[in-house]
Amino acid sequence: MEEKDQERPELKWLDTTTQLLDNRFRIPGTEVRFGFDFLIGLIPGIGDVVSLGISGMLVTVMARKGASGMVIVKMLWNIFLDAIIGTVPIIGDLFDLSYRANRRNLELLKEHYEEGEHQGSATFVVIMVLLFVIGIFISAIYLIGWILGTFWALITGTT
């Protein structure tokens, strides 16, 4: 019980921060809420980078507070998805209104602390992602080589 009491102030600080980023304001006459993350994201280019940086800092704080490797991977996925879709004009901004990656990450951390969920290492997931990235890299090199070879054959008239 004492350990949970020590965690609560940390979760309260993170809750306040995510509240500011994701739910601080409400569009009058609606139930639609948004925060500074959405507002910053409206600035083309720079806003998405700043928003990604703030979300990354929150994940770093959560990792320092004892989140497991699996929780961190899930949090990074939320940020990645938010960042990628957020770069699409208008659609990304609308997505930011509903997705709320920071709030999702806080919920993951609460589930980890209070309910014991998302335990374990993310080694398997990280290895699979690395293998996938290596596969894409090798495929890209092969494709570039094939295109250059085809282009060379067309220029020189050889088959």
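Sequence order as written defines residue numbering, which begins from 1 separately in each chain. Given that this is a predicted model, residues contribute local features only at a pLDDT of at least 70 and side-chain atom pairs are listed and counted only at 80 or more, while totals for whole chains, interfaces and linings are drawn from all residues. Side-chain measures here rest on the full set of heavy atoms in the structure, leaving out hydrogens and waters.

Trainee: Report on the overall build of the protein, specifying residues and quantitative values.
Mentor: Each helix and strand counted, the protein has 7 helices and 2 strands in total. When the helices and strands of the protein are placed in sequence order, the string is α-β-β-α-α-α-α-α-α. The proportion of buried residues among the 159 residues of the protein is 30%. Any two residues having at least one pair of non-hydrogen atoms within 4.5 Å are treated as being in contact. Put simply, of all contacts in the protein between residues at least 6 apart along the chain, 61% involve residues at least 24 apart. Here the accessible surface of atoms and residues is derived via Shrake-Rupley with a 1.4 Å probe, and residues count as covered only by protein chains that are part of the display. As displayed, the protein offers around 10,400 Å² of accessible surface, 71% of which is attributable to carbon and sulfur atoms. In this description a helix means any DSSP run of H or I spanning at least four residues, a strand means any run of E spanning at least two, and both kinds are numbered starting from the N terminus. Three exposure classes are used, based on accessible area relative to the maximum for each residue type with a 1.4 Å probe and protein chains only: buried under 20%, partly exposed in between, and exposed over 50%.

Trainee: Break down the packing of helix α4 (residues 69-86) against helix α5 (residues 91-99) for me, with residues and values.
Mentor: Geometry is summarised by axes, namely lines fitted to C-alpha atoms with helices restricted to the contacting stretch, and by angles between N-to-C directions that run from 0 to 180 degrees. Two elements in contact, α4 and α5, have axes separated by 8 Å at closest approach and are oriented at 150°. As the angle between them shows, α4 and α5 are arranged roughly antiparallel. Contacts between α4 and α5 involve N78, L81, D82, I85 and G86 from the first element and G92, F95, D96 and Y99 from the second. Each residue receives one of three labels: charged for Asp, Glu, Lys and Arg, nonpolar for Ala, Val, Leu, Ile, Met, Phe, Trp, Tyr, Cys and Pro, and polar for the others, Gly being one of them. Counted by class, the contact of α4 with α5 contains 4 nonpolar, 3 polar and 2 charged residues. Angle categories: roughly parallel below 35 degrees, roughly antiparallel above 145, roughly perpendicular from 65 to 115, and oblique for all the rest.

Trainee: Can you break down the nonpolar core residue by residue, with the values?
Mentor: Here the nonpolar core consists of buried residues drawn from Ala, Val, Leu, Ile, Met, Phe, Trp, Tyr and Cys, with membership extended through side-chain atoms lying within 4.5 Å. Ranked by size, the top nonpolar core spans 15 residues in total, and within it L14, M62, M75 and L109 carry the most contacts. Counting only elements with at least two residues in this core, the list comes to α1 (2-22), α3 (46-64), α4 and α6 (101-115). Ignoring anything within four residues of it in the chain, the contact list for M75 reads V59, M62, N105, L108 and L109.

Trainee: Summarise unusual backbone geometry; cite the residues concerned and give the values.
Mentor: The phi torsion of most residues other than glycine is negative, and most of the peptide bonds are trans. Residues other than glycine seldom take positive phi values, yet I90 does so here, at roughly 65°. Its place among the elements puts I90 in the loop between α4 and α5. A positive phi angle, close to 50°, is found at R100, a residue other than glycine. For R100, the position within the fold is in the loop between α5 and α6. Here R100 falls in the buried class, since its relative accessible area comes to 18%.

Trainee: Account for α5, naming residues and giving values.
Mentor: What α5 keeps buried is the set G92, D93, F95, D96, L97 and Y99. Packing partners of the buried residues in α5 comprise β2 (33-34), α2 (36-41), α4 and α6. Phi turns positive one or two residues past the end of α5, at R100, with a value near 50°.

Trainee: Describe the packing of aromatic side chains, listing the residues and the values that go with them.
Mentor: Classification of ring pairs uses Phe, Tyr and Trp, with its six-membered ring standing for Trp, and accepts pairs whose centres are within 6.5 Å; under 30 degrees between planes counts as stacked, over 60 as edge-to-face, and the remaining range as tilted. The final tally for this structure, using the stated rule, is 5 aromatic pairs. Seen from their ring centres, F25 and F36 are 5.2 Å apart, and the 80° between their planes marks the pair as edge-to-face. Separated by 11 residues along the polypeptide, F25 in strand β1 (residues 25-26) and F36 in helix α2 bring together distant segments of the chain. Ring geometry for F95 against Y99: centres 4.8 Å apart, planes inclined by 20°, an arrangement best described as stacked. Of this pair, F95 and Y99 both sit in helix α5, separated by 4 residues, roughly a single helical turn. On the basis of relative accessibility, which here comes to 19%, the residue F95 falls in the buried class.

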